[in-house]
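# Chains, contacts and geometry: an overview
Next come the chains, spelled out residue by residue.
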Amino acid sequence: IYLNLAKEENWEGFLPALAREMGRRICPALLIVVEPTDWDFDFSPWPAPPLRPGQPPFPGGADARIRLMEEKVKPAVDARYPTLPEPENTGIFGYSLGGLAALYALYTSQAFGMAGCLSGSLWYEGFVDFLRARQAPAGARIYLSLGRKEERSRNPYLSRIGACYQEAHELL
């Protein structure tokens, strides 16, 4: 499972809970974290306007990140560890913009057969249209999770997250 997370404190907290479930409800897994060079670049699927005036626009570099994972990281991991390298045994999960990028990777890469979108930025301009225009990959397993606070944002982009999640759920 490749994790789209930025800092150790973002994933360190859930590891003990995950470890308790290994072998009970969750199959043993290798977790791989490759820290992003630039969060907005690495996890934005295409250029998009900023969330707030004065902020830089989203640059849209997720395709480069996905290529890095497919061409360098995953082959190195598969060569070093006893993985099951097929897409149906390979997942990509992320939080926020990293969750959006995980779901995007499922649609644009042959490497992943599972995606976890944890409070993913499905409000991202054009993303629901992207899902609407495509068929979910055959056999893909997708986990969508949305926290309770996200819809309460005063930001017009962020406040539509609930509707975006509902439509994504219906499409998937």
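Throughout, a residue's number is its position along its own chain's written sequence, starting from 1. With pLDDT at 70 or above as the cut-off, local features in this predicted model cover only qualifying residues; side-chain atom pairs require 80 or more to be listed or tallied, and sums for whole chains, interfaces and linings still use all residues. Heavy atoms from the whole structure form the basis of all side-chain values; hydrogens and water molecules are not counted.

### Topic: the nonpolar core
Let me state the cut-off plainly: Put simply, a nonpolar core is a bunch of buried Ala, Val, Leu, Ile, Met, Phe, Trp, Tyr and Cys residues held in one set by side-chain atoms that sit within 4.5 Å of each other. Only protein chains enter the accessibility calculation, which uses a 1.4 Å probe. A residue is then buried if its area is under 20% of the maximum for its type, exposed if over 50%, and partly exposed in between. Strands are runs of DSSP state E lasting at least 2 residues, helices are runs of H or I lasting at least 4, and numbering of each runs from the N terminus. Pairs of residues are marked as contacts when any of their non-hydrogen atoms sit within 4.5 Å.
Membership of the largest hydrophobic core comes to 37 residues, with the highest contact counts inside it found for Tyr2, Phe112, Leu122, Tyr124 and Phe127. Elements supplying a minimum of two residues to this core: α4 (62–80), α5 (97–108), β4 (114–118), α6 (127–132) and α7 (161–171). Sorting elements by how many residues they give to this core places α5 first, with nine residues. Excluding anything up to four places from it in sequence, Tyr124 contacts Ser44, Pro45, Trp46, Pro47, Ala48, Phe58, Leu97, Leu100 and Arg160.

### With respect to α7
Since one α-helical turn is 3.6 residues long, residues separated by three or four positions face the same way. The condition is simple: By construction, the arc corresponds to the directions joining the helix axis to the C-beta atoms.
Buried residues of α7: Ile161, Gly162, Cys164, Tyr165 and Ala168, and no others. The arc that holds every buried residue of α7, seen down its axis, measures 160°, which confines them to one face. Along α7, the residues that are exposed and aim more than 90 degrees away from the buried face are Ala163 and Glu170. Each element contacted by the buried residues of α7 is listed here: β4, α6 and β5 (141–145).

### Remarks on the pairing of strand β3 (residues 91–95)
Note the threshold: Strand pairing follows a simple DSSP-based rule, namely that at least 2 bridges must link the two strands. Throughout, right-handed denotes a crossover for which the path from the first strand over the helix to the second runs clockwise when the strands point away from the viewer.
Taken together, the three bridges between strand β1 (residues 2–4) and β3 define a ladder with parallel strand orientation. In the sheet register, Asn4 faces β3, and the bridge partner there is Gly94. Where β3 meets β4, five bridges bridge the pair, whose relative direction is parallel. Of the residues in β4, the one forming a bridge with Tyr95 is Leu118. Chirality of the crossover, the property in question, places the unit of β3, α5 and β4 among those that are right-handed.

### Brief notes about the pattern of salt bridges
Quick reminder of the rule: Here a salt bridge means any side-chain nitrogen of Lys or Arg lying within 4 Å of a carboxyl oxygen belonging to Asp or Glu.
Across all of its chains, the model carries four salt bridges by this definition. Where Asp42 meets Arg65, a salt bridge forms, and the shortest distance between an N and an O atom there is 3.8 Å. Of this pair, Asp42 sits in helix α3 (residues 39–43) while Arg65 sits in helix α4; the two residues are 23 residues apart in sequence, bridging distant segments of the chain. Owing to a relative accessible area of 7%, Asp42 belongs among the buried residues under this scheme. The class of Arg65 is buried, set by a relative accessible area of 6%. Between Arg132 and Glu167 there is a salt bridge, with the nearest N and O atoms lying 2.6 Å from each other. Linking Arg132 in helix α6 with Glu167 in helix α7, this pair joins segments that are 35 residues apart in sequence. Look at Glu167 and you get partly exposed, because its relative accessible area is 26%. Ionic contacts of the salt-bridge type, sharing partners, join the residues Asp129, Arg132 and Glu167 into one network.

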